[in-house]
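Below are the chains, spelled out letter by letter.
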Amino acid sequence: MNRSIIKELLKSNEFDTTVLVKGWVRTKRGNNNVAFVAVNDGSTIHNIQVVIDVPSFDPELLRKITTGASVGVQGKLMESKGQGQTVEIIAEKVELYGEADPEVYPLQKKGHSFEFLREIAHLRVRTNTFGAVYRIRHAMAFAIHKYFNDLGFYYVHTPIITASDAEGAGEMFRVSTLDPENLPLTEDKKVDYSKDFFGKATNLTVSGQLEGELAALALGGIYTFGPTFRAENSNTPRHLAEFWMIEPEMAFYDITDNMNLAEDFLKYLINYALDNCADDLAFLNSMVDKELLERLKFVVNNSFIRMSYEGAIDILKSSGQKFEFPVSWGLDLQAEHERYLVEKHFKCPVILTDYPREIKAFYMKQNEDNKTVRAMDVLFPRIGEIIGGSQREEDYDKLLNRIREMGMPEKEMDWYLDTRRFGTVVHSGFGLGFERLLLFVTGMANIRDVIPFPRTPRNAEF
Ligand code: 4AD
Ligand code: MG
């Protein structure tokens, strides 16, 4: 007999039919006559209740049906008389696949702290909260592809291993097959990367943008969606060393088109979650963050505020607020400033534009004032920066000058400069941090809890 998916059975009204479910025991309660076993198969946050007539089953088998054990249950689907569920299964056959010794299985009924669950990340997906987070993560990934596919954008696979530093911030993980105990040296005693696997120094990518631009200048609208790596020593609830980023890049888009797309995209994703992940969101709203649903609905129903960096600095300066990092023009805004603007001042998502060029990457379009660049950051409540992007410098000479000013390896950038040499056009793009989006959508407080196996400084378990 075929296994039924619990999510479907819970909606079924084909009572008195025989069904088979397979899953993991969440709880067992009852007495010498009847036992109630809650079984979950991962298809939904909800369990199905299995009713067992205790005297008709082998006591040894029932003893082993404990939290975490895997089982197959065949029985009649019935309308439930109990509270909290609409259907239940009256067990006829119960098969135990794998025991989970209650003496040692760490996920017993009691609630566990997220810190503890991080230490057993290989098992935490079996909890309600992490089941919900994993399902929402999937739904958001699917919605991202759907959104861009419906818009006619192409999904482009950019390299993971690269020789360039797209953000120019130098926070890269080296990729090398050289023996660290016995490094080949050049005559002036530097490491000789010409002997390395790729014949030069390479690293894990910090962003797919530069290669994404190449594709956009032929295909029109593209997006990347892949892992990116940053060796920044940031121990915060919003930073990972390995995170996933979505980077759309569009020919013929200026900064305003770029902002419109970013706002529409974020609202689409949040709406998608509200429409398709209602059960999981309801669970998270009641167990993790009581304001979650309200916050999600607020964001989809209100226009984001748009203003310049300079305007934001003025607001911060006159706020009377004491910040850890003092505010003046030129400051790279910290989470404390971003959150003040969004949570206290505007109480609404904000898109800031026209940042000082000194604090932004080399590729951003330079404004006529010679001070600022056409950057845009989208700031969200609880998160701070969720998106960073810009219109790109499409002028060959200006871009080359900036590369030189910043002391970047000009020869290595030849392929990138070629886009400006041949058929250059106005173009723009942005990067959405996938886990920052998930923090917002799930209401989870720590970025380590929205990716299955987080990589952070001094931690690469599992
Ligand atoms: O602002 P960032 O560094 O921008 C870029 O990488 C550009 N190449 C994007 C583009 O224009 N195509 O990063 C983009 C986003 C941030 O807004 C943030 O959401 C996320 O990536 N992000 C991180 N998420 C988790 N951990 C980190 N260490 C992150 N660094 C950036
Ligand atoms: Mg940024």
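Refer to the structure above for everything that follows.
S.K.: Could you give an account of unusual backbone geometry, with specific residues and numbers?
M.R.: Even without being glycine, Arg 458 reaches a positive phi, approximately 65°. Position of Arg 458 relative to the elements: it lies in the segment after helix H13 (434–442). We classify Arg 458 as exposed; its relative accessible area is 87%. A positive phi is found at Phe 462, a non-glycine position, where the angle reads about 70°. With respect to the helices, strands and loops of the structure, Phe 462 is situated in the segment after H13.

S.K.: Lay out the site of ligand 1 with the relevant residues and their values.
M.R.: By nearness alone, 24 residues border ligand 1, and Glu 167, Gln 209, Glu 247, Glu 385 and Ile 386 come closest of all. Glu 385 places a side-chain nitrogen or oxygen 2.6 Å from an oxygen atom of ligand 1. Residue Gly 433 places a main-chain N or O atom 3.2 Å away from an oxygen atom belonging to ligand 1. Summarising the interface, the protein chains cover 93% of the accessible area of ligand 1, which totals 630 Å² for the free molecule. The cavity where ligand 1 resides is the largest pocket. At the level of elements, strand S11 (242–251), strand S15 (384–391) and strand S16 (427–433) are the ones that each hand at least two residues to the shell around ligand 1. Of the residues forming the shell around ligand 1, the biggest block, five residues, is contributed by S15. A per-class count over the shell around ligand 1 returns eight nonpolar, eight polar and eight charged.

S.K.: Could you give an account of the packing of aromatic side chains, with specific residues and numbers?
M.R.: Each aromatic ring pair is characterised by the separation of its centres together with the angle its planes make. A complete count under the given rule lists 23 aromatic pairs for this structure. Seen from their ring centres, Phe 323 and Tyr 340 are 5.7 Å apart, and the 85° between their planes marks the pair as edge-to-face. Here Tyr 340 lies in helix H10 (residues 335–346) and Phe 323 lies in the loop between helix H9 (309–317) and H10, a separation of 17 residues in the sequence. In terms of burial, Phe 323 and Tyr 340 fall into one category: buried. Taken together through their ring pairs, the aromatic side chains of Phe 142, Tyr 147, Phe 148, Phe 153, Tyr 155, Tyr 223, Phe 265, Tyr 268, Tyr 272 and Phe 430 make up a single cluster. Looking at Lys 371, its charged tip hangs above the ring of Trp 329, at a distance of 4.7 Å from the centre. Above the face of the Tyr 416 ring, Arg 420 is positioned so that its terminal group lies 4.4 Å from the ring centre.

S.K.: Just give me the short version of the sheet that holds S15, but keep the residues and values in it.
M.R.: Ordered by their spatial adjacency, eight strands build an open sheet running S6-S10-S11-S16-S15-S14-S13-S12, and the pairing between neighbours is mixed. Two strands close off the open sheet at either side, each with one partner strand: strand S6 (154–155) and strand S12 (305–308). Across nine bridges, strand S10 (residues 221–229) lies against S11 in antiparallel orientation. Across the sheet, residue Pro 227 finds its bridge partner in S11, namely Trp 244. Packing against the sheet, helix H4 (residues 128–151) makes contact with S6, S10 and S11, and its axis sits at approximately 150° to S10.

S.K.: Please provide a residue-by-residue account of the nonpolar core, values included.
M.R.: Ranked by internal contacts, the top residues of the largest apolar core, which has 64 residues, are Met 140, Phe 380 and Ile 386. Each residue touching Met 140, except ones within four places of it in the same chain, is listed here: Leu 269, Tyr 272, Ala 273, Phe 434, Leu 437, Leu 438 and Val 441. Listed in part, the 33 residues of the second largest apolar core include Ala 166, Met 307, Val 327 and Met 364.

S.K.: Got a sec to walk through the sheet that holds strand S4 (residues 70–79)? Specific residues and values, please.
M.R.: The strands making up a sheet associate through backbone hydrogen bonding, with each pair oriented either parallel or antiparallel. Overall, mixed pairing links the five strands, which are arranged S1-S2-S3-S5-S4 in a closed barrel. In this sheet, neighbouring strand axes are inclined to one another by 55° on average, regardless of whether the strands run parallel or antiparallel. In terms of strand pairing, strand S2 (residues 34–40) meets strand S3 (residues 48–53) through six bridges, oriented antiparallel. Considered in S3, the bridge of Val 34 is made with Asp 53.

S.K.: Residues and numbers for the pattern of salt bridges, please.
M.R.: Following the criterion strictly, the structure yields 27 salt bridges and no others. The salt bridge partner of Lys 267 is Glu 263, with a shortest N-O separation of 2.8 Å. Of this pair, Lys 267 and Glu 263 are both found in helix H6 (residues 255–276), four residues apart, which corresponds to roughly one turn of the helix. By sharing partners, the salt bridges in this structure join Arg 357, Glu 358, Arg 402 and Glu 405 into a single network.

S.K.: Explain empty space enclosed by the protein to me, using residue names and the numbers behind them.
M.R.: Enumeration over the complete set of coordinates arrives at two cavities of 30 Å³ or more. Around the largest cavity, the lining residues are Thr 162, Ser 164, Ala 166, Thr 205, Val 206, Ser 207, Leu 210 and Glu 211. The computed volume of the second largest cavity comes to approximately 30 Å³. Of all the elements in the fold, those that place two or more residues in the lining of the second largest cavity are S3 and S4. When the residues that make up the lining of the second largest cavity are grouped by side-chain class, the tally is seven nonpolar, no polar and no charged.

Cut-off values and rules
Per chain, the residues get numbers from 1 upward, laid out in the order the sequence is written. Here chains are named by letter from A upward and ligands by number from 1 upward, in the order in which they appear as written. Side-chain atom pairs in this predicted model are given and counted only at pLDDT of 80 or more, local residue features only at pLDDT of at least 70, and totals for whole chains, interfaces and linings cover all residues. Note: side-chain values were computed over all heavy atoms of the structure, leaving out hydrogens and water. Put simply, DSSP H or I for four residues or longer makes a helix, DSSP E for two residues or longer makes a strand, and each gets a number counted from the N terminus. Exposure categories follow from relative accessible area, calculated using a 1.4 Å probe and restricted to protein chains: below 20% of the type maximum is buried, above 50% is exposed, and the middle band is partly exposed. A single heavy atom is enough: if one lies within 4 Å of a molecule or strand, its residue is considered near that molecule or strand. Nitrogen and oxygen atoms within 3.5 Å of one another constitute a polar contact, given that in protein one can donate a hydrogen and the other can accept it, and given that sequence-neighbouring residues count only through two side-chain atoms. Using the Shrake-Rupley algorithm and a 1.4 Å probe, accessible areas are obtained, with residue cover drawn only from the displayed protein chains. Cavity and pocket criteria rest on a 1 Å grid covering protein atoms alone: a 1.4 Å probe that fits but cannot get out defines a cavity, protein on both sides within 12 Å along at least 5 of 7 lines defines an open pocket, and an atom within 4 Å of a point defines a lining residue. In this description, a molecule resides in a pocket or cavity if more than half of its atoms sit within 2 Å of the grid points defining it. Any residue that is not Ala, Val, Leu, Ile, Met, Phe, Trp, Tyr, Cys, Pro, Asp, Glu, Lys or Arg is counted as polar, Gly included; the first ten are nonpolar and the last four charged. The rule is short: rings of Phe, Tyr and Trp, with Trp giving its six-membered ring, pair when the centres are within 6.5 Å, and they are stacked under 30 degrees, edge-to-face over 60, tilted in between. Lysine and arginine charges are scored as sitting over a ring when NZ or CZ, respectively, is within 6 Å of the ring centre and within 35 degrees of the ring normal. For two strands to count as paired, DSSP must find a minimum of two bridges between them. The contact rule is simple, with two residues in contact once any of their heavy atoms fall within 4.5 Å. Note on definitions: angles span 0 to 180 degrees between N-to-C directions of axes, and those axes are lines fitted to C-alpha atoms, for helices only across the stretch in contact. Here the nonpolar core consists of buried residues drawn from Ala, Val, Leu, Ile, Met, Phe, Trp, Tyr and Cys, with membership extended through side-chain atoms lying within 4.5 Å. Should a side-chain nitrogen of Lys or Arg be within 4 Å of a carboxyl oxygen of Asp or Glu, the pair is scored as a salt bridge. Grid points are joined across faces, edges and corners, and a volume is the space filled by probe spheres set on the points.

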